[in-house]
Protein chains: 2
Amino acid sequence: MTLIVHHLHVSMSERIPWLCEELGVPYELKVYNRDRLMAPAEFKALHHSGTAPVIQDGDLTLAESGACVEYISHKHAQGKLFVPSTRPEYANFLFWWHWSNATLQSALGGAMGAYASGLREGDPRGAFAFGRSKKALSSMNDRLGHSKWLAGEAFTVADLMCVFQVSTFRYFYPIDLGEYENIVGFLKRVGEREAYQRAMAKSDPGMELALGSAPPSQPLM
Amino acid sequence: MTLIVHHLHVSMSERIPWLCEELGVPYELKVYNRDRLMAPAEFKALHHSGTAPVIQDGDLTLAESGACVEYISHKHAQGKLFVPSTRPEYANFLFWWHWSNATLQSALGGAMGAYASGLREGDPRGAFAFGRSKKALSSMNDRLGHSKWLAGEAFTVADLMCVFQVSTFRYFYPIDLGEYENIVGFLKRVGEREAYQRAMAKSDPGMELALGSAPPSQPLM
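None of these values were measured; they are calculated from a predicted model.

Chemist: What is the right way to look at the sheet that holds strand β2 (residues 27-32) of chain B in this model?
Modeler: Adjacent strands of a sheet form backbone hydrogen bonds with each other and so pair up, either parallel or antiparallel. Residues and elements named next belong to chain B. The four strands lie next to each other as β2-β1-β3-β4, forming an open sheet whose pairing is mixed. The two strands at the open ends of the sheet, each matched to only one other strand, are β2 and β4 (60-63). Mean inter-strand twist for the sheet, computed between neighbouring axes without regard to direction, equals 20 degrees. Pairing geometry for strand β1 (residues 3-8) and β2, over six bridges, is parallel. Bridge pairing links Leu8 to Tyr32 in β2. Of the strands in this sheet, β1 and β2 are in contact with helix α8 (residues 194-203), which crosses β2 at around 45 degrees.

Structure below.
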């Protein structure tokens, strides 16, 4: 039975078709347009979380992107793109893998909330949110000054998890990456991966990929 | 060399001594008082993230609670309390394990922010934040109506990761769990675990444990 990947346009569910392309795992892609800025009702009905991505594998329906990535790699590709506990880069891998959704997404989401409520950098009411966002981006930038990918010299799912926030997420919060040159270099390497190109062409055809220093020219918010 | 666990009082780093007690892994505990509400400078200096927990294992210094939990279990306890990919409850385990910091913490953190800025339930300006928080708690409550623990009938690190938000986190955001009876039952079972009792007595001695329906009687915020 073919794995089904439900993708909401312009969302973090882009990670899943990208993963399948990297792993060479066959998948059927179902794409959904946003209803104004949110997931449409038919997407929310797929899983009790109401969030993107959702995958289906036979009788199983699963949400939560970290869970979907781990499930697909371990059930369909012998754990490829994960780092085993016997490797010296194991701890680095674990840090950035968990950091993506636990810290980076939370920090940028908080800054997006401040931005959406009209606050701009320099406003003391946004100091905590914008400060946390800049600290997270600085950590990532520093790390990418020491190794090609986040866990070390090899691409892993820790990288795959951290790309959305510094690329497509800027449709919602228009971060300029001018002061984070190592992140811009990282995004350039991501854009050169054929699996990424194939996945994005299928998932969000026609969308301007935000892989440079500047945010997308036509953000959604 | 003994594992060192750096714990910030009244914080999610309580997960790490608890894990070590569950696994029977020896550890040296170092505890830090908060400086007003934040981590003190000496804690922030331990790791570039500036966040709690931090562990040290020989030359390694590691932060990010999901990473610390995964590292300790796999490097010191043969993966105990994780669910292998061959088990039928694997997908459920992955969902709740990742859900804790990616979705639950983010949802409750957003609601805490709204609460801290003076909003209360019923105020339309807090509708998104409070709604997301209630949806997350309802999902957890529904799940715990179908199985004893989140992944199934056995306690796993998915449970260990989800306890902080519905117990100690209420020192910062005073959620009443009256409408979530399955979560209250879950917290009762947590409080009966000897490993949890030992860890909390060492980590936050004298702190009123918030394991009932009501939030702590003396919240910090």
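There is more to say after this.
Chemist: What exactly am I supposed to notice about the UniProt feature "domain: GST C-terminal" (unreviewed entry) in chain A here?
Modeler: As recorded in UniProt, the sites labelled "domain: GST C-terminal" (unreviewed entry) are residues 86-209 of chain A. Counted over residues 86-209 of chain A, helix gives 60% and strand 0%. Its end C-alpha atoms are 36 Å apart.

Chemist: Teacher, can you tell me more about the pattern of salt bridges here?
Modeler: When the charged atoms of two side chains with opposite charge come close together, those side chains can pair. Residues and elements named next belong to chain A. Counted under the stated rule, the structure contains 18 salt bridges over all chains. Among the ionic pairs, Glu21 bridges to Lys202, the shortest N-O distance being 2.6 Å. Taken together, the residues Glu21 in helix α1 (residues 15-23) and Lys202 in helix α8 (residues 194-203) connect sequence positions 181 residues apart. The exposure class of Glu21 is buried, given its relative accessible area of 11%. For Glu89, the salt bridge identified is with Arg87, shortest N-O distance 3.0 Å.

Chemist: Any chance you could explain the packing of aromatic side chains here in plain terms?
Modeler: What describes a pair of aromatic rings is the distance from one ring centre to the other and the angle between the planes of the rings. Scanning all chains against the criterion turns up 26 aromatic pairs over all chains. For the pair Phe93(B) and Trp97(B), a centre-to-centre distance of 6.2 Å together with 10 degrees between the ring planes defines the contact as stacked. Taken together, the residues Phe93(B) and Trp97(B), both in helix α4 (residues 90-116) and four residues apart, mark about one turn of the helix. Considered together, Phe93(B) and Trp97(B) belong to a single accessibility category, that of buried residues. Here Arg120(A) stacks its cationic end above the ring of Tyr115(A), 3.7 Å away from the centre of that ring.

Chemist: I tried to follow the nonpolar core on my own but got confused; where do I start?
Modeler: Soluble globular proteins: nonpolar side chains tend toward being buried together. One finds Ile72(A), Met140(A), Ile72(B) and Met140(B) to be the most contacted residues of the largest nonpolar core, which totals 156 residues. Discounting residues that sit within four places of it in the chain, Ile72(B) has contacts with Leu3(B), Ile16(B), Leu19(B), Cys20(B), Leu23(B), Val25(B), Ile55(B) and Ala77(B).

Chemist: What is the right way to read the UniProt feature "domain: GST N-terminal" (unreviewed entry) in chain A from this model?
Modeler: Residues given the UniProt feature "domain: GST N-terminal" (unreviewed entry) here are residues 1-80 of chain A. For residues 1-80 of chain A, the helix share is 31%, the strand share is 25%, and the end-to-end C-alpha distance is 21 Å.

Chemist: How should I be thinking about the relation of the copies chain B and chain A in this particular structure?
Modeler: Two chain copies, one operation linking them: a rotation about an axis together with a shift along it. When chain B is fitted to chain A, the best match, at an RMSD of 0.0 Å, comes from turning it 180 degrees and sliding it 0.0 Å along the axis. Read as a symmetry element, the transformation amounts to a two-fold axis. Taking C-alpha positions as reference, the residue of chain B nearest the rotation axis is Ala102(B), located at 2.5 Å.

Chemist: Explanation requested: the packing of helix α4 (residues 90-116) of chain A against helix α6 (residues 157-166) of chain A in the structure shown.
Modeler: All names here are of chain A. Their axes nearest at 8 Å, the elements α4 and α6 cross at an angle of 15 degrees. When the axis of α4 is compared with that of α6, the two are roughly parallel. Helix-helix and strand crossings are classified by hand; for α4 and α6 the assignment is left-handed. Across the interface between the two elements, Phe93, Trp96, Trp97, Trp99, Ser100, Asn101, Leu104, Gln105 and Leu108 of α4 pack against Val157, Ala158, Met161, Cys162, Phe164 and Gln165 of α6. Here the contact of α4 with α6 is composed, by residue class, of 11 nonpolar, four polar and no charged.

Chemist: So what exactly am I meant to see when it comes to the domain arrangement of chain A here?
Modeler: Many analyses report the size of an interface as the accessible area lost when the parts associate. All names here are of chain A. Each domain of chain A was delimited in the assignment, giving domain 1 (3-77) and domain 2 (89-193). Taken over C-alpha atoms, the centre of domain 1 sits 22 Å from the centre of domain 2. Across the contact, 14 residues belong to domain 1 and 17 residues belong to domain 2. The junction of domain 1 with domain 2 conceals about 1300 Å² of combined surface from both sides, 70% of it contributed by carbon and sulfur atoms. Taken as a group, Val10, Arg15 and Trp18 account for 42% of the area that domain 1 buries against domain 2, more than any other trio of residues on that side. Counting across the interface, domain 1 meets domain 2 through one salt bridge.

Chemist: Would you mind showing me how to read the packing of α1(A) against helix α3 (residues 65-76) of chain A here?
Modeler: When two helices pack together, you describe them by how their axes are tilted relative to each other and by the distance separating the axes. Residues and elements named next belong to chain A. Contact geometry for α1 and α3: axes closest at 10 Å, N-to-C directions at 20 degrees. Between α1 and α3, the interaxial angle falls into the category roughly parallel. For the crossing formed where α1 meets α3, the hand is right-handed. Every residue of α3 that contacts α1 at Arg15, Ile16, Leu19, Cys20 and Leu23 is listed here: Ser65, Cys68, Val69, Ile72 and Ser73.

The rules behind the values
- Residues numbered from 1 in each chain as written.
- Chains lettered and ligands numbered in written order.
- Predicted model: local features only at pLDDT ≥ 70, side-chain atom pairs only at ≥ 80, totals over all residues.
- Heavy atoms only, no water.
- Pairing = 2+ DSSP bridges.
- Helix = DSSP H or I, 4+ residues; strand = E, 2+ residues; numbered from the N terminus.
- Axes fitted to C-alpha atoms, helices over the stretch in contact; angles between N-to-C directions.
- Contact = heavy atoms within 4.5 Å.
- UniProt positions renumbered as here; feature names shortened; annotations may be inferred.
- Salt bridge = Lys/Arg side-chain N within 4 Å of Asp/Glu carboxyl O.
- Buried < 20%, exposed > 50% of the residue type's maximum accessible area, 1.4 Å probe, protein only.
- Phe/Tyr/Trp six-rings, centres within 6.5 Å; stacked < 30°, edge-to-face > 60°.
- Lys NZ or Arg CZ within 6 Å of the ring centre and 35° of its normal.
- Core = buried A, V, L, I, M, F, W, Y, C linked by side-chain atoms within 4.5 Å.
- Least-squares fit on C-alpha atoms with pLDDT ≥ 70 in both.
- Parallel < 35°, antiparallel > 145°, perpendicular 65-115°, else oblique.
- Left-handed = near helix turned anticlockwise from the far one by under 90°.
- Nonpolar A, V, L, I, M, F, W, Y, C, P; charged D, E, K, R; others polar.
- Domains from an automatic or database assignment.
- Buried area = accessible area lost by both parts, 1.4 Å probe.

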